[in-house]
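In case you want the letters, here they are:
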Amino acid sequence: MVTKEERREKIKKSIRGKVSGTAARPRLTVFRSNKQIYAQVINDETGTTLAAASSLKITEKAPKKEIAAKVGELIAKNAQAAGIQTVVFDRNGYLYHGRIKELADAARNNGLKF
């Protein structure tokens, strides 16, 4: 039987085979744990992180979806401060649903194109 983690890793490898970040269009990747959510904008050609945001910096208490939306706003602002307008979205093996969708929608609403 395949565990959840093994299924996610399989999906992740499939996605990463198709999605790669360049200098012109870096990759926005999302990692979700039970308590936190993290987002990074990565240039895969040089292997550098250009912008990052996480829920660790948000101190207020709110539902996880609202926290994810705030992280989406933060990553959009940080990416635009680094001069990035368009990205390619890497959901990192997670379903495009719930917290992942909230983060993506918030990043789009704050000016990031993908």
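Up top is the structure.
Residues numbered from 1 in each chain as written. Predicted model: local features only at pLDDT ≥ 70, side-chain atom pairs only at ≥ 80, totals over all residues. Heavy atoms only, no water.

Caption draft 1: Region of the structure containing unusual backbone geometry. Within the chain, asparagine 92 stands out as a residue other than glycine whose phi angle is a positive 60°. Looking at the secondary structure, you find asparagine 92 in the loop between strand 4 (88–90) and helix 3 (99–109). Judged by relative accessible area, asparagine 92 falls into the buried class, the value being 7%. (Helix = DSSP H or I, 4+ residues; strand = E, 2+ residues; numbered from the N terminus. Buried < 20%, exposed > 50% of the residue type's maximum accessible area, 1.4 Å probe, protein only.)

Caption draft 2: Structural context of helix 2 (residues 64–81). Its 18 residues place the ends of helix 2 26 Å apart at the C-alpha level, agreeing with the 26 Å of an ideal helix rising 1.5 Å per residue. Elements that come into contact with the buried residues of helix 2 comprise strand 1 (27–32), strand 2 (37–43), strand 3 (48–54) and helix 3. Positive backbone phi, approximately 85°, marks glycine 83, located one or two places after helix 2. (Expected span 1.5 Å × (residues − 1). Contact = heavy atoms within 4.5 Å.)

Caption draft 3: Representation of the packing of helix 2 against helix 3 within the structure. Interhelical geometry of helix 2 versus helix 3 gives an angle of 35° and a closest axis separation of 7 Å. In the packing of helix 2 onto helix 3, the handedness of the crossing is right-handed. In this structure, helix 2 uses Lys64, Lys65, Ala68, Ala69, Val71, Gly72, Glu73, Ile75 and Ala76 to contact helix 3, whose residues at the interface are Arg99, Glu102, Leu103, Ala106 and Ala107. Of the residues assigned to the contact of helix 2 with helix 3, the class counts are eight nonpolar, one polar and five charged. (Axes fitted to C-alpha atoms, helices over the stretch in contact; angles between N-to-C directions. Left-handed = near helix turned anticlockwise from the far one by under 90°. Nonpolar A, V, L, I, M, F, W, Y, C, P; charged D, E, K, R; others polar.)

Caption draft 4: Expanded view of the sheet that holds strand 4. Judged by pairing direction, the sheet is mixed, and its four strands sit side by side in the order 3-2-1-4 without closing on themselves. Every other strand in the sheet has two partners, leaving strand 3 and strand 4 as the edge strands with one partner each. With strand direction ignored, the average angle separating the axes of adjacent strands in the sheet is 20°. In this structure, strand 2 lies alongside strand 3, joined through six bridges in antiparallel fashion. (Pairing = 2+ DSSP bridges.)

Caption draft 5: Main features of the pattern of salt bridges. Scanning all chains against the criterion turns up seven salt bridges. Across the pair arginine 8 and glutamate 9 runs a salt bridge whose closest N-O atoms are separated by 3.8 Å. The structure contains a network of salt bridges with shared partners spanning Arg16, Arg27, Asp44 and Asp90. (Salt bridge = Lys/Arg side-chain N within 4 Å of Asp/Glu carboxyl O.)

Caption draft 6: Local environment of the environment of glutamate 66. Note that glutamate 66 resides in helix 2. With relative accessibility at 45%, the residue glutamate 66 sits in the partly exposed group. Through-space distance from the C-alpha of glutamate 66 to that of alanine 24 is 30 Å; in sequence the pair is 42 residues apart.

Purely geometric numbers; function is a separate question.
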